Amino acid sequence: MHYFYICIRIKKSDVLKELDKEIIKLFGELIDNPNQKVVILPHINPDGDAVGSALGLSRVLKNSGLQVEVISANDYPSFYNWIEGHEQVTLFSKNPKKVQQLLDESSLLICLDFNHLSRTGELKPLVENYGKSCVLIDHHPYPEDFADVLISHPECSSTAELVYHVLKASGLEQYLDREAASALFCGIMTDTGSFDYNVSDPQTFQTVGELLKFGIDQDYIHAQVFDNYSADRMRLLGYCLNECMEVFPEYHAAVMYLSKETQKKFNFVPGDSEGFVNYPLSIKGIHFSTLFSEKDGMVKASFRSKGEFAVNEFASENFNGGGHRNAAGGEVFASLEETLDKYRRLLPVYQEKLEKTKSK
Ligand code: 5GP
Ligand code: MN
């Protein structure tokens, strides 16, 4: 099983059919070997899709009798703590020795929801030097060539949806239960903005329909993720919209920024700015939105667009980042002011592309 390379990039409508051959082979071997120890790794700063697909897949593989551990470079927002298996996740930021030990003891590493080793943060050297079988299941375009088995489907709404297809195609569907289905549902729900975008393919709704058959409580899941914020967070959003947003109608663009000072003022906790970047897109004529969040010694960038403007290109060309065409991120080691200046200088450079873009 070591070091064979499969890259499957096919049309979504063919997902199940084409995946069958290669994936059944791969996961069949896992099932046949109950002593197999598996480690699952989502990307740094895990979002709902990363956490949901990691804990959903982990649950199913555990149900099938395998020993499975989920590791993460760092913690994720507490509104994902309801997902079954969350207590067992080992964070590298809190317990690096344990993470190293889990990797040493394992014979298979499954990476989820990222296309670049840089997205593993401080775990990067450990993943690079893993030396055993590594699988990547992901829906970001242009995956880096680091896994032995690459299951790459940029046309999938979410990694969680892709995991579901992989489980079905590999005969592991029988081990899906309500908890795993809830985790995968959470991944699809969050990566589609509650079924608002990336849902033009009927197969996504078919997948959701199949997950609902496990008796999951979608109202509870939605409320856990979206109705679980503090009053401070709501006030922070109001403050940012009022005080920290610049709109550039001539470029169809808007930017919001979140300084450390503002974060302190509103008792910011990780996850509080989730979704902020989407708000400017509801301004008439705006189809490119940016959020800059000041961190220790760097600025984290989030980009969103509607229509043709490719924010993953904007992110990789200017902010050491990447992602999807309409949702991307990056980071820059500069001050918030310098970052904002850079952004303002870039808008005229991208004017033509921004003007060509038609908002939906
Ligand atoms: P978010 O804005 O929610 O942090 O991220 C949006 C999308 O951009 C996600 O698909 C995520 O994987 C990607 N992304 C976010 N930050 C980075 C980054 O620093 N580098 C790269 N390559 N992708 C990122
Ligand atoms: Mn995702």
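Look up a bit, the structure's there.
When we look at a pair of aromatic rings, we describe it by the centre distance and by the angle of the planes. Inspection of the entire model under this criterion finds 21 aromatic pairs. Judged by centre distance (5.7 Å) and plane angle (50 degrees), the ring pair of Phe 185 and Phe 195 falls under tilted. With Phe 185 in helix H6 (residues 178-191) and Phe 195 in the loop between H6 and helix H7 (202-212), this pair connects stretches of sequence that are 10 residues apart. Given the relative accessible area of 4%, Phe 185 is considered buried. Seen in terms of ring centroids, Phe 292 and Tyr 343 are 5.8 Å apart; in terms of plane orientation they differ by 80 degrees. Their pairing is edge-to-face. In this pair, Phe 292 sits in strand E10 (residues 288-295) while Tyr 343 sits in helix H12 (residues 336-349), placing the two residues 51 residues apart along the sequence. What links up through ring pairs into an aromatic cluster is the set Phe 248, Phe 288, Phe 292, Phe 303, Phe 309, Phe 314, Phe 319, Tyr 343 and Tyr 350. Sitting over the face of the ring of Tyr 229, Arg 233 holds its NZ or CZ atom 3.7 Å from the ring centroid. A cation over a ring is seen here: Lys 342 above Phe 319, with NZ or CZ 5.0 Å from the ring centre.

Turning next to the coordination of the manganese ion (ligand 2). Coordination of the manganese ion (ligand 2) by the protein is provided by Asp 49 (OD), Asp 113 (OD), His 139 (NE2) and Asp 191 (OD), with metal-donor distances spanning 2.2 to 2.4 Å. In the primary sequence, the donor residues of the manganese ion (ligand 2) line up as D-x63-D-x25-H-x51-D. Separated by 26 residues along the polypeptide, Asp 113 in the loop between strand E5 (108-112) and helix H4 (124-128) and His 139 in the loop between strand E6 (133-138) and strand E7 (149-152) bring together distant segments of the chain. An identical accessibility class is assigned to Asp 113 and His 139; each is buried.

This part covers unusual backbone geometry. One non-glycine residue with positive phi stands out, namely Tyr 142, at about 55 degrees. If you trace the backbone, Tyr 142 turns up in the loop between E6 and E7. Of note in the backbone geometry, Asn 198 takes a positive phi value of approximately 55 degrees without being a glycine. Turning to its location among the elements, Asn 198 is positioned in the loop between H6 and H7.

Attention shifts here to the side chain of Ser 106. Position of Ser 106 relative to the elements: it lies in the loop between helix H3 (96-105) and E5. Classification of Ser 106 by relative accessible area gives buried; the value is 4%. Contacts of Ser 106, omitting those with residues within four sequence positions, involve Lys 37, Val 39, Tyr 130 and Lys 132.

Right, let's get into the site of ligand 1. Ligand 1 sits among 13 residues. The nearest are Arg 119, His 140, Lys 300, Ser 302 and Arg 304. His 140 places a side-chain nitrogen or oxygen 2.8 Å from an oxygen atom of ligand 1. Contact distances for ligand 1 include 2.9 Å between an oxygen atom and a side-chain N or O atom of Arg 304. Compared with its free state, where it exposes 490 Å², ligand 1 has 84% of that area covered by protein. Where the shell around ligand 1 is concerned, the elements lending two or more residues are strand E11 (298-305), strand E12 (322-323) and strand E13 (327-332).

Another point: the packing of helix H5 (residues 159-169) against H7. The geometry of H5 relative to H7 is characterised by a closest axis approach of 10 Å and an angle of 70 degrees between their N-to-C directions. As the angle between them shows, H5 and H7 are arranged roughly perpendicular. Between H5 and H7 lies a crossing whose hand is left-handed. Here Glu 161, Tyr 164, His 165 and Lys 168 of H5 come into contact with H7, specifically with Gln 203, Thr 204, Thr 207, Glu 210 and Leu 211.

With that settled, consider the pairing of strand E2 (residues 37-42). A regular strand places its side chains on the two faces of the sheet in alternate fashion. Among the 6 residues of E2, 5 are classified as buried, and the element is accordingly described as predominantly covered. Between E2 and its parallel partner strand E3 (residues 67-72), the chain crosses via helix H2 (residues 48-63), and the hand of that crossover is right-handed. By the bridge criterion, 5 bridges tie E2 to E5 in an arrangement that is parallel. The partner of Pro 42 across the bridge, within E5, is Leu 112.

Further remarks concern the pattern of salt bridges. Between side chains of opposite charge, a pair can form as their charged atoms come close. Per the stated rule, a full pass over the model turns up 10 salt bridges. Glu 246 serves as the salt-bridge partner of Arg 344, at 2.8 Å between the closest nitrogen and oxygen. Residue Arg 344 is found in helix H12, and its partner Glu 246 is found in strand E8 (residues 245-248); the two are separated by 98 residues along the sequence. Among the salt bridges present, the one from Glu 308 reaches Arg 325, with a minimum N-O distance of 3.7 Å. Taken together, the residues span a long stretch of sequence, with Glu 308 in the loop between E11 and helix H11 (311-318) and Arg 325 in the loop between E12 and E13 at a distance of 17 residues. A relative accessible area of 54% means that Glu 308 is categorised as exposed. Salt bridges linked by common partners bring Arg 59, Glu 84, Asp 177 and Glu 179 together as one network.

How each quantity is defined
Residues numbered from 1 in each chain as written. Chains lettered and ligands numbered in written order. Predicted model: local features only at pLDDT ≥ 70, side-chain atom pairs only at ≥ 80, totals over all residues. Heavy atoms only, no water. Phe/Tyr/Trp six-rings, centres within 6.5 Å; stacked < 30°, edge-to-face > 60°. Helix = DSSP H or I, 4+ residues; strand = E, 2+ residues; numbered from the N terminus. Buried < 20%, exposed > 50% of the residue type's maximum accessible area, 1.4 Å probe, protein only. Lys NZ or Arg CZ within 6 Å of the ring centre and 35° of its normal. Donors = N, O, S within 2.8 Å, 3.2 Å for Na, K, Ca; no water. Contact = heavy atoms within 4.5 Å. Near = heavy atom within 4 Å. Polar contact = N/O pair within 3.5 Å; in protein donor to acceptor, adjacent residues only side chain to side chain. Areas by Shrake-Rupley, 256 points an atom, 1.4 Å probe, with all protein chains shown as cover. Axes fitted to C-alpha atoms, helices over the stretch in contact; angles between N-to-C directions. Parallel < 35°, antiparallel > 145°, perpendicular 65-115°, else oblique. Left-handed = near helix turned anticlockwise from the far one by under 90°. Right-handed = clockwise from strand over helix to strand, strands pointing away. Pairing = 2+ DSSP bridges. Salt bridge = Lys/Arg side-chain N within 4 Å of Asp/Glu carboxyl O.

Any functional reading would require information beyond the geometric quantities listed.
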